[in-house]
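# Structural overview for review
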Amino acid sequence: MYAMLLYIDGGGVVMVKKSDMAQYVNITIDGKNCIGKQGDTILQIARANDVYIPTLCYLSKVKPIASCRMCLVEIQGSEGVVLSCQERAVEGTVITTDSKMLYKHRQNIMKLFGVNHPLECGVCDKSGECDLQNKTLEFDVATQNFCAKESDKKVENWGFISYDPSLCIVCEKCVRICNEIVGESILEVAVGGYKSRIINTNKEADCSNCGECMAVCPVGALTNSEFKYSSNAWELERIPATCVHCSSGCPLYYEVKPSSTANREESIYRVTNPFEFSSLCGAGRFAYDFANKDAKKDKEAFTRALKAFEGAKSIRFSANITNEEALILQKLKEKKGYKLICDEARNYQKFLAAYSMVSGKSLYSGDLATLKDSDAIIIFGTRINDDNPMVKYHISMASKWHRARVAYLHPMEDVSMSKIVTQFIKYEVGSEEGVVALLANAFLSDLRLSDAVKEYLESLDVGNLSAESNVGEEELEGLVNSFEKKNTFSFVIGADLYAHPRAQEIAKVLALFEKYLDCNVILTPPASNALGVALICNLDDEDVNEQSIGYNVKGDFTLGSLGEVDLDMPALNQQEGTLTTIDKRVVATHVALPFGGYVLNDIANALGLETEYTIDYTKELPKRSGYKAVEFDTLNHEFSKEGNDIRGYLLETKDVKIDEIFEEIEELPAYDGGVVYWCNEGIHFTYNTLYKYPASKYLKGSKQFAVAMKISDGEELIFENEKRQYRRIFKLDETMKGTIAITSSVTEPLEVSSFKNYRYTLMKLQEDGVIR
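All values reported here derive from a predicted model rather than from experimental measurement.

## Describing the nonpolar core
- Core analysis: the biggest nonpolar cluster contains 120 residues, and Phe317, Ile378, Phe380, Phe491 and Leu559 have the highest contact counts within it.
- No fewer than three residues from each of domain 3 (299–342 + 541–650) and domain 4 (347–523) sit in this core.
- Residues in contact with Phe317, not counting those within four places in the same chain, are Leu329, Leu340, Ile341, Cys342, Val533, Cys537, Leu539, Tyr551 and Val553.
- Among the nonpolar cores identified, the runner-up in size contains 66 residues, and Phe113, Met214, Tyr288 and Phe290 belong to it.

Dropping the structure here:
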């Protein structure tokens, strides 16, 4: 029997059974009957029911800060007032959000915030979108009754961010975001009355690596140094889009000014995001100027391109493309018989297929929302802060909000994770198959398993695997014990595993955690649309000496948006299309800047496909892979009022025939000597970020590595990998340990990423043209 109708999650009508009534509360706000979930605060329920309560310091994605005191409300039957951002709703409560007393209180607060606040709205970058400005007008603060002695507050430069303490109202949003979301805890409040300010405790850590503090600042205290004084906010047009730098697919807005009103050519002035509910890393926020701006329709080059396609046997491409472009390439394969070569997506495709054979599902189960609500997390086979910062942010949230136990398993310790990780387990390079077997044995052996899984676990020589991998049995026992009383278990898997020589066997064992432990497993895609390409394209393995077309990678004839190419193509911020994110969500991105040249669809049409617009393929994305027949223009780009991601749509997970066949573990390889780990450190994911974050020309390593390789700090090195020579300058890093050094895998446009091969290689150092 149903008791009522609820309007929740963006306005959807939900029928609630009597048996579920205890999960909800009914309260009255300003005479309006409002329904919310048990445990929600008054402010949360008010917002979900379209009741306005003013705030200055509240931010939905962090715990209540309660510093501004603007959200005070009155409760019938109670003396005084309460903070609606902190007070949890109780059944039957009657609440008043607006009265003469509350208005006067808020007006006085605004006067206090305005004491000594510089009157520079005419030139302030925040003007037109400033919370202080808006609420000063809202509460009719026409005079100032308070004063305080002015103190000397100098503007500070934090890389891409400028901090002006004279404009700061010390709301603490920036401090909370740095602590709870980013996990760095670099920003703190220096308390001192009207001398209070925000301090950056570690400027050497490059605090500008994300810009989250700047995004949430309600005033002009924290601003983009490059945007400063370049435009008024109201002059900019916001283009809804999706970040293309990694697989998280974060929502953002390219803010552009049409060329007719600008003193320069049409360009992106800045990137913003719906910061109330989502985040961006530094690549998404600052590395936006990668458009192919000067391209024109070169008919001769287009004719040469068609001739090259007619003679080509394969198309090599990057996974940094839209779903629609991937489908065009697949249709060209079906029509012309090309091989499709995308190494990073092919390895991921095979890994996902092997995983599905055991899990029985076409997609992994995990998502970021569950990850942030987890209290037990294992990170395995990835330097996650470099591979996908947004995953790291969600792990940080789990750590801060749920005191999550976070186990980080990797051959290299990562100091950027030190404030989050509770247990670091170091394993030997190449031993991942043995490590995942040990984990399965430790966590699953006491469960009710299939005969095939029991047989596999019983066949393991645990003592030998422990010795060979250097993962102690006591470490594993401690890990299992620390997870015992935890409720939500997440397992984050990364790119170290996808090109491992035994990748498919590793995938099968990892699937057991989802199948038998109901674990939130995330197979982190290794590139922005690697999951989409893997689901849409029938990819081939490496071509050998065949005539090839290159699309954003080098080929015999190269199409691309950056670097030296034979035919210019649009960058991803010049295209309409969709991407498939780490959450298995299909999201739209839109054109921020015009493109004057040809697009892939023009070539496809000339070769016989005949579709007017690239986005006409959106509704044709393969249903067998979980896509839906949805028109591009119908895709939503917003969040619900409650902060849920309702952009686009979620892929439909398909059932897959189960085949629990496990091979015997191969002898674990030995990597004796110096080892190179190929990883794009910091916020350098792809060639699109190179102009803003130049790839490191260094090979970073420890003293132990330097001794082992007989090299010194500052020495120029030549070494080999996959028959290619690399030049790097060795940089001694005091924070590193062991005999593994790290270097960037992508240092220039059109370069193939390291995800083609296992990310660890033995150091083959050359001296006078000879390998040492």
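## Some remarks on the sheet that holds strand 24 (residues 557–560)
- Read across the open sheet, the 5 strands follow the order 17-16-23-24-25; overall the sheet is parallel. The outermost strands of the open sheet, each flanked by one partner alone, are strand 17 (339–341) and strand 25 (567–568).
- Pairing of strand 16 (residues 314–317) with strand 17, which is carried by 3 bridges, proceeds in the parallel orientation. When the sheet's bridge partners are listed, Arg316 is paired in strand 17 with Ile341.
- Of the strands in this sheet, strand 16, strand 17 and strand 23 (548–551) are in contact with helix 8 (residues 323–336), which crosses strand 17 at around 150°.

## Focus on a nonpolar patch on the surface
- A surface patch of nonpolar side chains, amounting to about 260 Å² of accessible area, comprises Leu112, Phe146 and Tyr194.
- With respect to the helices and strands, the residue Tyr194 is situated in the loop between strand 10 (187–190) and strand 11 (197–200).
- Its relative accessible area of 38% is what places Tyr194 among the partly exposed residues.

## A word on the packing of aromatic side chains
- The final tally for this structure, using the stated rule, is 24 aromatic pairs.
- Between the aromatic rings of Tyr408 and Phe424, the centroid separation amounts to 5.9 Å while the plane-to-plane angle is 40°, which identifies the pairing as tilted. Residue Tyr408 is found in strand 19 (residues 405–409), and its partner Phe424 is found in strand 20 (residues 423–425); the two are separated by 16 residues along the sequence.
- What makes Phe424 partly exposed here is its relative accessible area of 24%.
- Centroid distance Trp678 to Phe719: 6.0 Å. Interplanar angle 45°. Geometry classified as tilted. Here Trp678 is found in strand 29 (residues 675–678), whereas its partner Phe719 is found in strand 31 (residues 716–721), with 41 residues between them in sequence.
- In this structure Trp678 comes out as buried when scored by relative accessible area, which is 2%.
- A relative accessible area of 1% means that Phe719 is categorised as buried.
- Seen from the ring of Phe227, Arg270 lies directly overhead, with NZ or CZ sitting 4.4 Å from the centre.

## A look at helix 7 (residues 299–311)
- Between its first and last C-alpha, helix 7 extends 19 Å over 13 residues, near the 18 Å set by a 1.5 Å rise per residue.
- Packing partners of the buried residues in helix 7 comprise strand 16, helix 8, strand 23, strand 24, strand 25 and helix 19 (600–606).

Scoring rules and cut-offs
Residues numbered from 1 in each chain as written. Predicted model: local features only at pLDDT ≥ 70, side-chain atom pairs only at ≥ 80, totals over all residues. Heavy atoms only, no water. Core = buried A, V, L, I, M, F, W, Y, C linked by side-chain atoms within 4.5 Å. Buried < 20%, exposed > 50% of the residue type's maximum accessible area, 1.4 Å probe, protein only. Domains from an automatic or database assignment. Contact = heavy atoms within 4.5 Å. Pairing = 2+ DSSP bridges. Helix = DSSP H or I, 4+ residues; strand = E, 2+ residues; numbered from the N terminus. Axes fitted to C-alpha atoms, helices over the stretch in contact; angles between N-to-C directions. Patch = residues over 30% accessible without salt bridge, like charges linked within 9 Å, V, L, I, M, F, W, Y side chains within 5 Å. Areas by Shrake-Rupley, 256 points an atom, 1.4 Å probe, with all protein chains shown as cover. Salt bridge = Lys/Arg side-chain N within 4 Å of Asp/Glu carboxyl O. Phe/Tyr/Trp six-rings, centres within 6.5 Å; stacked < 30°, edge-to-face > 60°. Lys NZ or Arg CZ within 6 Å of the ring centre and 35° of its normal. Expected span 1.5 Å × (residues − 1).

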